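Here are the chains, one letter per residue:
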Amino acid sequence: MSNANQQAVAKYKNNFLKEVEANVEEGHWVKMCMQCGVCAGSCPLGPHWEHSPQKIFMMIRAGKREEVLGSDSMWMCTSCYNCIVRCPRKLPITHIMHGLANYSHRLGLAPKGQPTREIAKLFWDNLVKTGRVNELKFSLAMYFKDGFGQGVKNAMAMQGIGLGLMKAGRLNPMEIFGGHVCKDKSGVQKMIAKAREIEDRRKSLA
Amino acid sequence: MSKKQYAFYPGCSSQKGASAANYTTSIGMMCDKLDIQLNEIPDWNCCGASIGYAEGGELPRLVLSARNLALAEQNLGGQDVVSGCPACWLATRESVERLHESQSLLAEANEALKEAGLVLKNETKARHMVEVLVEDIGFEGLKKPVVKPLGDLKFAGYVGCQTNRPFGIAGESFENPVYLDKMVEAVGAEAVKYDQKVTCCGGALAFSEPDKSQKQIRDIVESAYDHGADMIVTPCQLCQANVEIYQSEINKKQGTKFNMPVVYYSQLLTVAYGGSAKDAGLDGQLIRADKLEQIASK
Ligand code: SF4
Ligand code: SF4
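Here the structure is a predicted model, which means the values were calculated and not measured.

What follows deals with the domain arrangement of chain A. Residues and elements named next belong to chain A. Here the domain parsing of chain A yields domain 1 (12-111) and domain 2 (115-198). On the side of domain 2, four residues touch domain 1, which itself brings six residues to the contact. Carbon and sulfur atoms supply 50% of the area buried between domain 1 and domain 2, which totals about 510 Å² over both sides. Contact with domain 2 buries area across many residues of domain 1, yet Trp75, His105 and Arg106 alone supply 78% of it, more than any other trio. On the surface where domain 1 and domain 2 come into contact, there are zero salt bridges. Considered class by class, the residues forming the side of domain 1 that touches domain 2 number three nonpolar, two polar and one charged.

Written as structure tokens, this is what we have:
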């Protein structure tokens, strides 16, 4: 168990709702849910959610910490915002799902090898390096995330598409040598590091 | 007539050599014809996209947008920040709102911004390119520069998620927005009935959960065929890329014969305004939009 996780367990004892309210983005909204079920039918990848957002909110109130934070469900969110515009109580459901995923990821409780978790991390690492996303390096990192052999297989499977994009001027092979960057790259990096430090302090994640 | 000025935030996928480079090309020509001047925000950075949440958390994500907004305030004061990318627009607008709601978050954001030598007053509006067209130019205004009405072409107006929800364009309905159809009609083409108008393409999960997302994409393309469309038109980069790129994969796996072009609204407008296929970035399609290219070359 990670240190931050042990601390959170000790601090909030059996009050998982309180923990979510304090540490999860927009978590203070959870108690407003009236369990109407509208959001449950809204997710595009619905059949792949083990627990719908509605159910997750109920589980939070029932203190089911491990089941919620260890769940694969939030990682199925496509950020389609269907739920937000439909919820009669105006809960920012999308952001709560993102917040729960982020919190479980940072505590080390999110499912290992969860593909969206992996690419989300690659994406962020890629953007922090230069302030802008380098699509070629991001794609390569994505293909090779499961090791070299699998990477070659993945890259081969998408080779036709990659070549097509290159020909169409929409993927630049020269990006491997640098590509687009922010001039004040170091300012961007320091700013992000500072923001993370502040947030981690506030949520006891440091 | 004096030009309308905006602080332009292109975003990562719209840069030269990136996946939506052709979108930027067409926006350039379209804006020229509409007397819109886009002033690029100097040294802008990535917005974090929707998928940035997992590692980025809340404040680091908010400060990415805060830096762009601060740069706009400093260099292009008073101009609305405009992006062509729904994800960029959404991230920026969400940040504006979140930082308005909470003074303590704004203070924290400014503490982080100090590291990059910037301050945010948070006085700027964040808007999508389509809002500028619909609200500031208007459909009548969009018709004015038309020199080549797109006559016989039939489009499936695929709005998708993020220009539509949660903010929406010009207060339109979330289940059946009509602005895209009205744009198609403004350039003289036909907007077919299309029941997958606001279906999600899978977003970033097209990469991480390809099979689950390709089911979405299949519905989106199939319905365009069913309703007799020649092409799909969309205001979103990720929609464009996902729906165009994965058709060949779906064909391979499921034996379909999809070959449906997917273009941007700005490409239609550019062609209707007399631009060449190159001006409209049509050389950037993986599935060539032949019928549109033919009109462009007439
Ligand atoms: S739609 Fe809103 S109120 Fe209804 S169950 Fe979902 S979160 Fe709760
Ligand atoms: S935004 Fe996420 S939680 Fe909301 S309906 Fe879409 S997939 Fe479901």
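Moving on from the coordinates now.
Its place among the elements puts B:Ser65 in helix H3 (residues 59-75). When sequence neighbours within four positions are dropped, the list of residues in contact with B:Ser65 reads B:Cys47, B:Ala91, B:Thr92 and B:Ser95.

Ligand 1 sits among 13 residues. The nearest are A:Cys33, A:Cys36, A:Gly37, A:Cys39 and A:Cys87. Class assignment for the residues of the shell around ligand 1 results in 10 nonpolar, three polar and no charged.

Two elements in contact, helix H11 (residues 185-202) of chain A and H3(B), have axes separated by 8 Å at closest approach and are oriented at 145°. Seen along the crossing, H11(A) lies across H3(B) with a hand that is right-handed. Contact with H11(A), carried on its side by A:Val188, A:Met191, A:Ile192, A:Ala195, A:Arg196, A:Ile198, A:Glu199 and A:Arg202, involves B:Leu59, B:Pro60, B:Val63, B:Leu64 and B:Arg67 of H3(B) and no other residues of that element.

Analysis parameters
Residues numbered from 1 in each chain as written. Chains lettered and ligands numbered in written order. Predicted model: local features only at pLDDT ≥ 70, side-chain atom pairs only at ≥ 80, totals over all residues. Heavy atoms only, no water. Domains from an automatic or database assignment. Contact = heavy atoms within 4.5 Å. Buried area = accessible area lost by both parts, 1.4 Å probe. Salt bridge = Lys/Arg side-chain N within 4 Å of Asp/Glu carboxyl O. Nonpolar A, V, L, I, M, F, W, Y, C, P; charged D, E, K, R; others polar. Helix = DSSP H or I, 4+ residues; strand = E, 2+ residues; numbered from the N terminus. Near = heavy atom within 4 Å. Axes fitted to C-alpha atoms, helices over the stretch in contact; angles between N-to-C directions. Left-handed = near helix turned anticlockwise from the far one by under 90°.

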